[in-house]
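Residues per chain, in single letters:
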Amino acid sequence: MNRFFRLSPVLRARKAQEDAAKGAVMQSRAEIREAQDLVRRKQLDLVGAEAPTEGTARAIVAGLVARQSLAGALMSAHRMVEEAEEVERERMAVLADAAKRRRAVEMMAERHAEMVRANDLRKDQANLDELAMTSKARNAARSGGAE
């Protein structure tokens, strides 16, 4: 029986694919955190920019337009969070698929290792049986020749 598992390079490649997928998921999570931080900053900006209650009509309109612009930026930041979460879900699916494919090859490697162990045990047992039989035959020949 061949002791070398022929799919070892495939297993290494599958592990590398899984590691790359893990890296992509970690990057997605960082992007989500950045987008959430942006949302918090935009919310603070919006809260800090209260609509003017006094002044000229132009100043009031300009303040309202600025607030509306900040609200639009906040909505855009929320959309960025949603998009980053969607990318993370997709990357998690890729990671799960890579883990399944790696595990399938790992299971084949485990079965191969078990077959090699069983083969080694059979050979060892056959050698022990052979030694026991030759020892018994030697002893029988000695005792048969001495009589």
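What counts, and at which threshold
- Residues numbered from 1 in each chain as written.
- Predicted model: local features only at pLDDT ≥ 70, side-chain atom pairs only at ≥ 80, totals over all residues.
- Heavy atoms only, no water.
- Helix = DSSP H or I, 4+ residues; strand = E, 2+ residues; numbered from the N terminus.
- Rg over C-alpha atoms; globule rule 2.2 N^0.38 Å.
- Buried < 20%, exposed > 50% of the residue type's maximum accessible area, 1.4 Å probe, protein only.
- Contact = heavy atoms within 4.5 Å.
- Areas by Shrake-Rupley, 256 points an atom, 1.4 Å probe, with all protein chains shown as cover.
- Expected span 1.5 Å × (residues − 1).
- Core = buried A, V, L, I, M, F, W, Y, C linked by side-chain atoms within 4.5 Å.
- Salt bridge = Lys/Arg side-chain N within 4 Å of Asp/Glu carboxyl O.

Engineer: Explain the overall build of the protein to me, using residue names and the numbers behind them.
Structural biologist: Per the secondary structure count, the protein includes 2 helices and 0 strands. Against the globule reference of 15 Å for 147 residues, the protein gives a C-alpha radius of gyration of 36 Å, more extended than a compact globule. Seen through its C-alpha atoms, the protein measures out along the principal axes to roughly 135 × 20 × 15 Å. The proportion of buried residues among the 147 residues of the protein is 19%. In the protein, the share of contacts with a sequence separation of at least 24, taken over all contacts with a separation of at least 6, comes to 84%. With an accessible surface of roughly 10900 Å², the protein has 58% of that area assigned to carbon and sulfur atoms.

Engineer: If you had to explain helix H1 (residues 8-48) to someone new, which residues and values would you point to?
Structural biologist: Across its 41 residues, H1 extends 60 Å between first and last C-alpha, which sits within 8% of the 60 Å expected from 1.5 Å per residue. For H1, the complete set of buried residues consists of Ser8, Leu11, Glu18, Ala21, Val25, Ser28, Ile32, Ala35, Leu38, Val39 and Leu46.

Engineer: Go over the nonpolar core, please, and point to the residues and values.
Structural biologist: If you look at the biggest cluster of nonpolar residues, it comprises 7 residues: Ala35, Leu38, Val39, Leu46, Leu74, Ala77 and Val81. Of all the elements in the fold, those that place two or more residues in this core are H1 and helix H2 (57-146). At 4 residues, the largest contribution of residues to this core is made by H1. Setting aside its immediate chain neighbours within four residues, leucine 74 contacts Val39, Lys42, Gln43 and Leu46.

Engineer: Quick one: what's the story with the side chain of glutamate 18, residue by residue and with numbers?
Structural biologist: With respect to the helices, strands and loops of the structure, glutamate 18 is situated in helix H1. When neighbours within four sequence positions are excluded, glutamate 18 is seen to be in contact with Leu95, Ala98, Ala99 and Arg102.

Engineer: How would you explain the pattern of salt bridges if you had to name every residue and give the values?
Structural biologist: For the structure shown, the criterion picks out 10 salt bridges. Arginine 101 serves as the salt-bridge partner of aspartate 97, at 3.2 Å between the closest nitrogen and oxygen. On the criterion of helical spacing, the pair formed by aspartate 97 and arginine 101 is a turn pair, its members being 4 residues apart in helix H2. The exposure class assigned to aspartate 97 is partly exposed, which follows from its relative accessible area of 39%. A residue is classified by how much of its surface remains accessible, and arginine 101, at 28% relative accessible area, is partly exposed. Across the pair glutamate 106 and arginine 102 runs a salt bridge whose closest N-O atoms are separated by 2.7 Å. Of this pair, glutamate 106 and arginine 102 are both found in helix H2, 4 residues apart, which corresponds to roughly one turn of the helix. Judged on exposure class, the residue glutamate 106 and its partner arginine 102 are both buried. Several salt bridges share partner residues, and in doing so they unite Glu18, Arg102, Arg103, Glu106 and Glu110 into one network.

Engineer: Lay out the side chain of serine 28 in plain terms, naming residues and giving numbers.
Structural biologist: Structurally, serine 28 is set in helix H1. Setting aside residues up to four positions removed in sequence, serine 28 forms contacts with Val87, Glu88 and Arg91.

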